[in-house]
Structures are given as C-alpha cells and as structure tokens.
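Next come the chains, spelled out residue by residue.
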Amino acid sequence: MRIKSQRDFCSGVLFSAFGVAFAWGATTYNVGTGARMGPGYFPLIVGILIALMGVLITLKALAVETEDGEPIGRIAWKPLVFIIGANLMFGVLLGGLPGIGLPSMGLIVAIYALTFIASLAGDNFGWKGVTILATILALGSYLAFVVALKLQFQVWPTFISG
Amino acid sequence: MDLITNLSIGFGVAFTAQNLVYAFVGCLLGTLIGVLPGIGPVATIAMLLPATYALPPVSALIMLAGIYYGAQYGGSTTAILVNLPGESSSVVTVIDGYQMARKGRAGPALAAAGLGSFFAGCVGTLILAAFAPPLTELAFKFGPAEYFSLMILGLIGAVVLASGSLLKAITMILLGLALGLVGTDVNSGVARYSFDIPELTDGIGFIAIAMGVFGYGEIIANLAVPEHEREVFTAKVKGLWPTRQDFKDMTPAVLRGTALGSALGILPGGGALLSAFAAYTIEKKIKLKQGEMAFGKGNIRGVAGPESANNAGAQTSFIPLLTLGIPPNAVMALMVGAMTIHNIQPGPQVMTSNPELFWGLIASMWIGNLMLIVLNLPMIGIWIKLLTIPYKWLFPSIVLFCAVGVYSENNNTFDVWMVAIFGIVGYLFLKLKCEPAPLLLGFILGPMMEENLRRALLLSRGDWSVFVMRPLSAGLLVAAALLLIVVLLPSVKAKREEAFVED
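Residues numbered from 1 in each chain as written. Chains lettered and ligands numbered in written order. Predicted model: local features only at pLDDT ≥ 70, side-chain atom pairs only at ≥ 80, totals over all residues. Heavy atoms only, no water.

Going by the annotation in an unreviewed UniProt entry, the name recorded for chain B is TctA family transporter, with Variovorax guangxiensis given as the source organism.

As structure tokens, then:
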C-alpha cells in the first residue's frame, strides 16, 4: 500500500496516537456513569473520537489519490530553532532558573537576548540594526509595561537591584 | 413611549461634557493597551479598574465601557495587522482580516471592523433598552441540555472556519476540546492531565495557545520562505477606506452579524463568543458573488460579519447581567465587580430602584461605541504605517510582545514555556495543513460543554434522550445536523464531479 498524501498520513497517525493516549489517560481517573459522570467520562469520549478520526484520516491518506502526493516538505529548522530558542532564553533570563541556581537577569537583558536570537532566524543579520532595534524595544517595553502599566517585572538583574 | 423617555433619562445622565471626556480617555487607554498582543479586554479592564474607583458611579461605568470597547477593538486591530488574536472572539477576525492586510487592504479591514461594530453596537443598545425584560424569559428556557445542543451547533459551525479538509477540521475541534479539559475538574477536584505540574492544574492559558499557534507558527513559516520570494505584506497599500463595492459587500454581512449577535448575546455563557463564529459560518455559506474574494483569502464580509456579531453580542450580554445579575463572561464579571465597588448590586431591582443608573449605563454603552469610531477611524492611517516596517524588524518585535504578553498574564515563566511548545505545535499544524482556528473554539467550549453535558445527564438520570425530548434542544440539534449536511454537500458534489471527469 502506498501513502497517497504524506501530510494527511502523518496528521492521522499523530491524531490517533494523541487520541489513544488521551483516552488511556482518562481511564486513570474515575469514569463513572452517565448520570454520575466522573472526571474521566468526557475526556474518554473525546479521546476515543480523536483516535477514530485519526484512523479515518490515515485511511483516507492511503486510499484517496492526490495530485502531488502532498509532501510535508522541508522543515525550516533555522527559524524554528531561533524563534523558539529566543522565547525560551527570554523566559530563562527573565525568571531565572531556581533549579540550577541561575538568578533572574531582568527584563532589559532578556529583551536584548530575545531580539538578537530571534533576528538570527532571518536571512541577513546586522549587528548595528539589531542593536538599535533591541534598544528601542527595551526602552519602549520599559516605558509601556513598567512605567505606564505598572506590570510586575524584574527589570534589572537581581544581583544589581536585589 | 417608554423606550424614548427611558433613553432620554439615560442620556440626560450620561451625556455631560465630563462623562464624554471619561469615555474618550477610557476608549483611548483601552485601545492603546488592547493593541498590545496578549493583553485582551479582561486584562485591560482589570489593569485599569483601580483608576475608576475615585469617579462617581456613572462616570466610572462610562469609562469602563470605553475601556472595554477600546480594548476589544484594539484586539481586532492586532488580529488584522499581525495575525495575533488577543482574545477568543478575534480568532475569526484573524482568518480574513490578516489576509486582507497582506494584500494591502488593512485599511478597509479596520474600517469594516470599526463601522460594523458601531452599527451593531447601536442596534444592540436599542434592543437592550427595549426588550431587556422579555428577553430574559428566553434565557430562562435554556437548561443544560439546550446549552449542550447549542454548543454542538457551534462546534459544527466551526468546521466552516477551516477551508481545507473537513475531517481534519473536525479532529482539530476535538483536539481543542481535549486541550480545554486539562486542569482541575470543577466537580471532583481531580487535576486532569496535569502531570503533577502545579501550573497545569489551572489549565492551559488561551493566550499561550493563541500566541504560539498563530503568532510563532506564522512567523516561522514566513521566515522559511527565502527572503527574495517572501512577500508578507504587499508594498502597495490600496486605500485607507473601503471602496463603494466593499460597502456593498459588507452591509448585508453587518446586518446578519448584528441580528445573530443580538440574539446569541442574551444567553449567559459563551453566547456572544459563539455569535462571531456563527456569523462567519453564515457568511461563508452564502454564495460568493462574481469577482468576490474567496473566504480565507481576504473577504471583507469575513471581517465585517463576525466583528458586528461580536459587538452586538457584547451589548446584549448586558441583559442577563442587568436583569438576572448573572455575569455572562469574564469581562462582565469585572463590570459587576466595578458596580459593587460603587455600591450597586446588579440584578432585576436595578431597573426600578435605580433607573438613572440603569438607563445611564445603557446610554454610556452607546457613548463608548461612538467614541470608538471617533477615535479609531482617524487612527487607521497610523496603524497602516506599522505595516511598512520591514519584516526583519517586525518579527523580533512580535516575538517579544508575545513573550511579554504571556508572561504578564500570570507573572510566571511557565506560560513562556507553554507558548514555546505551542509555537512548535503551530508550525507542525501549518506543515500538516491542519488549520488552527477550529481548535481554539473547541478549546474554549470544552469545559462548558462537559459541564452542561454533566448537568443535563444528571437531571435526566443518565438518559441521553433528554437532548431530543426537549423541543428547544432538539431544534438546535436538527439545525446542527442540517448544517453538517450543508457543509458536507459541496465536498460530496466535488467528489462526484471528479468521478465524472475521470469517466
């Protein structure tokens, strides 16, 4: 049997796997009966439905002919890694990692790091332009979120401002 | 005429120079904060609530109304300009609004959203003033079984939000339902699917999913295209104002959206929200005219209809609040909070014991709407300028605003990790051509659906026939079945046509 739509085949398999896992998770809670629904009742229904739909999609991907085989295509690792990485680094710098004793570096440092890492996801990276952008964003965020809206942020690293 | 005397009492109270200034300031603040991605109307009102403590009650409520409308419109602005739905109702606006912006038609999209909202707001105000008491009766007829059936109808309608495979759209809704169930079960207190992570017992945040799936997913996909082929926004901005043809197209959509929104807004719990989705469903099912843009590619009706429905629903959702004292959504709950601070107990007695306040509030809702249009139509030009910023500067800024937005929601880095996960998931969805809008609707309705199913079955002692035995509920289910057939028909027909071609 040949896969006729790569995209649908993968979605179907992923959906089924998720559905089965979700339904299996539901059975670890009290399922109960219709009149006295336990916490697992509704999730079990939803999980089973997802798994069934996943199977349907997989079968359709094997049966229905498509024009170009609907390939998934190349995964854009570079933007994926840098955008998600920038976001994670922002979280680490802003909140610190108490688990390994890393202190919070504060909002300003986090904004600079995020802007630089995120910009690496683009095609042409220029230090000067990105530095200016980061400075504008840091200043703007400080004024908007901290000064004007009074949101609770650690602005500077904890070892400086305490 | 009672209506006119009542409204004139209201405007007499609300229409003072001082109150107009408060309305304007509220609207301006609301818009400015609302355009920040990740900060929706609820967060905006919560942030600005303390600023209204010192004002007299009517002024405070007027300012809050201004903030509310401003924040909501600000949210639509971000949805249209940068594909970030800041709150549940703008999930629909994103679909066609962002495509219009990419084609250089952000101006007409923003104007359609503003004008549609204003019209819907006016109608909503009149309905609120004229029919508040009788409409409450209707809301009483809705038991858990009816709500469950209404949500089934809404979810089937959500299938239409996707333009690709029907099967995948249905599965995305179910996936959304599943994600919505994460967190503490309200009845038993069991933390479901929380993997012993304390933050997950509160459930997954809507903002984290919306930002990750729409914001990050879209950015990664845009950057995956080599720069010389990439055209995120066309350089040419075609007009700030809708053309005559645009007005022709959007007027019926606005009317339909207003009617739907006014009707659904009366139902506490998700009515106003469903109305935006329902309006989109209807617009998409109405046959395209010659030369009209397809839905999902930037059709102005796809912006005008849902935006009107949303605003009309927001207006009529005051009916359950003012007549029954039930806040229909989080925003209204905050408004109740504001009222109690000023020693007003919302409920049926407000109308008789405090007519100035009741009608003043209704008039102030209208003033808030008016301010919105006064303020935002001239601002469209400024928003458009934002799109001329080169993408290489725009995308790091969007990433930053997403990150700050999700963090500030709970002041917890956990949400930042969640948005990263959903960014990856969002990119995966794009790669697999699974459209995310239905997922978000499922996510929002999941917990409500479970709760109403549970109540309905508890009352019927586990008998599922309750959903077809109650006439209103049965009617809604029949409507859902019809809708499903209507949705399925074109694809069945297309298949048959394909088969004929092969012969």
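J.: With reference to specific residues and values, describe the overall build of chain A.
T.: On a plain count of helices and strands, chain A comes out with six helices and zero strands. For chain A, the α and β elements follow one another from N to C terminus as α-α-α-α-α-α. Against the compact-globule benchmark of 15 Å for 162 residues, chain A has a radius of gyration of 24 Å, which places it well outside the compact range. For chain A, the C-alpha atoms occupy an extent of roughly 60 × 50 × 30 Å along the three principal directions. Counting only residues that meet the buried cut, chain A has 46% of its 162 residues in that class. Considering only contacts within chain A whose residues lie at least 6 apart along the sequence, 61% involve residues at least 24 apart. When the accessible area of chain A is evaluated, it comes to approximately 8,300 Å², of which 71% is carbon and sulfur surface. Computed over 9 positive and 6 negative side-chain charges, the separation of the two mean positions in chain A equals 14 Å. (Helix = DSSP H or I, 4+ residues; strand = E, 2+ residues; numbered from the N terminus. Rg over C-alpha atoms; globule rule 2.2 N^0.38 Å. Buried < 20%, exposed > 50% of the residue type's maximum accessible area, 1.4 Å probe, protein only. Contact = heavy atoms within 4.5 Å. Areas by Shrake-Rupley, 256 points an atom, 1.4 Å probe, with all protein chains shown as cover. Lys, Arg positive; Asp, Glu negative; His and termini not counted. Charge placed at Lys NZ, Arg CZ, Asp CG, Glu CD.)

J.: Would you mind going over the overall build of chain B in detail, with residue names and values included?
T.: Along the backbone of chain B there are 21 helices and two strands. Looking at chain B residue by residue over its 503 residues, the buried ones come to 60%. A separation threshold of at least 6 residues defines the contact pool for chain B, and within that pool the share at least 24 residues apart is 78%. Total accessible area on chain B is roughly 18,700 Å²; 67% of this is exposed by carbon and sulfur atoms.

J.: Summarise unusual backbone geometry; cite the residues concerned and give the values.
T.: All names here are of chain B. With a phi angle near 50 degrees, Phe195 is a residue other than glycine that sits in the positive phi range. Along the chain, the position of Phe195 falls in the loop between strand E2 (191-192) and helix H9 (206-224). Classification of Phe195 by relative accessible area gives exposed; the value is 67%.

J.: Just give me the short version of the packing of helix H17 (residues 391-410) of chain B against helix H18 (residues 413-431) of chain B, but keep the residues and values in it.
T.: All names here are of chain B. Running from N to C, H17 and H18 cross one another at 140 degrees; their axes reach a closest spacing of 7 Å. Classified by the angle their axes make, H17 and H18 are oblique. Handedness of the crossing formed by H17 with H18: right-handed. Between H17, through Ala403, Val406, Tyr407 and Asn410, and H18, the contact on the second element is made entirely by Thr413, Asp415, Val416 and Val419. Class assignment of the residues belonging to the contact of H17 with H18 gives a composition of five nonpolar, two polar and one charged. (Axes fitted to C-alpha atoms, helices over the stretch in contact; angles between N-to-C directions. Parallel < 35°, antiparallel > 145°, perpendicular 65-115°, else oblique. Left-handed = near helix turned anticlockwise from the far one by under 90°. Nonpolar A, V, L, I, M, F, W, Y, C, P; charged D, E, K, R; others polar.)

J.: Account for the packing of helix H3 (residues 77-95) of chain A against H18(B), with residues named and values stated.
T.: Contact geometry for H3(A) and H18(B): axes closest at 9 Å, N-to-C directions at 175 degrees. What the angle tells us is that H3(A) and H18(B) run roughly antiparallel. Of the residues in H18(B), those touching H3(A) at A:Leu80, A:Ile84, A:Asn87, A:Leu88, A:Gly91, A:Val92 and A:Gly95 are B:Thr413, B:Val416, B:Trp417, B:Val419, B:Ala420, B:Gly423, B:Ile424 and B:Tyr427. Here the residues of the contact of H3(A) with H18(B) are counted per class, giving 10 nonpolar, five polar and no charged.

J.: Report on the interface of chain A and chain B, specifying residues and quantitative values.
T.: Contacts between the two partners involve 61 residues from chain A and, on the opposite side, 64 residues from chain B. For the pairing of chain A and chain B, the buried interface totals around 5,600 Å² over both sides, and the portion due to carbon and sulfur atoms is 78%. Seen at the junction of chain A and chain B, the total is one salt bridge. Where A:Asp8 meets B:Lys168, a salt bridge forms, and the shortest distance between an N and an O atom there is 2.6 Å. Between chain A and chain B we count 10 residue pairs in polar contact (both at pLDDT 80 or more) in total. For the side of chain A that touches chain B, the elements supplying multiple residues, two or more each, are helix H1 (6-27), helix H2 (41-63), H3, helix H4 (106-119) and helix H5 (127-148) of chain A. With 11 residues, the single largest contributor to the side of chain A that touches chain B is H3(A). (Buried area = accessible area lost by both parts, 1.4 Å probe. Salt bridge = Lys/Arg side-chain N within 4 Å of Asp/Glu carboxyl O. Polar contact = N/O pair within 3.5 Å; in protein donor to acceptor, adjacent residues only side chain to side chain.)

J.: How would you sum up the nonpolar core? Please name residues and give values.
T.: Counting 198 residues, the largest nonpolar core has A:Ile83, A:Phe90, A:Phe153, B:Ile204, B:Ile209 and B:Phe318 as its most contacted members. Once you skip the residues sitting within four places of it in the chain, B:Ile204 turns out to touch B:Leu179, B:Val182, B:Ile209, B:Met418, B:Phe422 and B:Phe443. (Core = buried A, V, L, I, M, F, W, Y, C linked by side-chain atoms within 4.5 Å.)

J.: Summarise the side chain of B:Asn19; cite the residues concerned and give the values.
T.: Residue and element names in this part refer to chain B. Of note, Asn19 is situated in helix H2 (residues 17-34). One polar contact links Asn19 to Ser59, side chain to side chain, over a distance of 2.8 Å. Once residues lying within four places of it in the same chain are set aside, the contact partners of Asn19 are Val13, Ala14, Val58, Ser59 and Ile62.

J.: Give a description of the packing of aromatic side chains that names residues and reports values.
T.: Counting across every chain of the model gives 10 aromatic pairs over all chains. Both rings, one in B:Tyr68 and one in B:Tyr69, keep their centres 5.4 Å apart while their planes meet at 35 degrees; by these two values the pair is tilted. Classification of B:Tyr68 as buried rests on a relative accessible area of 3%. Judged by its relative accessible area of 1%, B:Tyr69 is buried. Geometrically, the ring pair formed by B:Tyr280 and B:Phe295 is edge-to-face, given 5.7 Å between the ring centres and 85 degrees between the ring planes. With a gap of 15 residues between them, B:Tyr280 in helix H11 (residues 271-285) and B:Phe295 in the loop between H11 and helix H12 (301-316) connect regions that are remote in the sequence. Taken as a pair, B:Tyr280 and B:Phe295 share a single burial class, namely buried. Here the aromatic residues A:Phe18, A:Phe22, A:Tyr29 and B:Tyr193 are joined through ring pairs into a cluster of three or more. (Phe/Tyr/Trp six-rings, centres within 6.5 Å; stacked < 30°, edge-to-face > 60°.)

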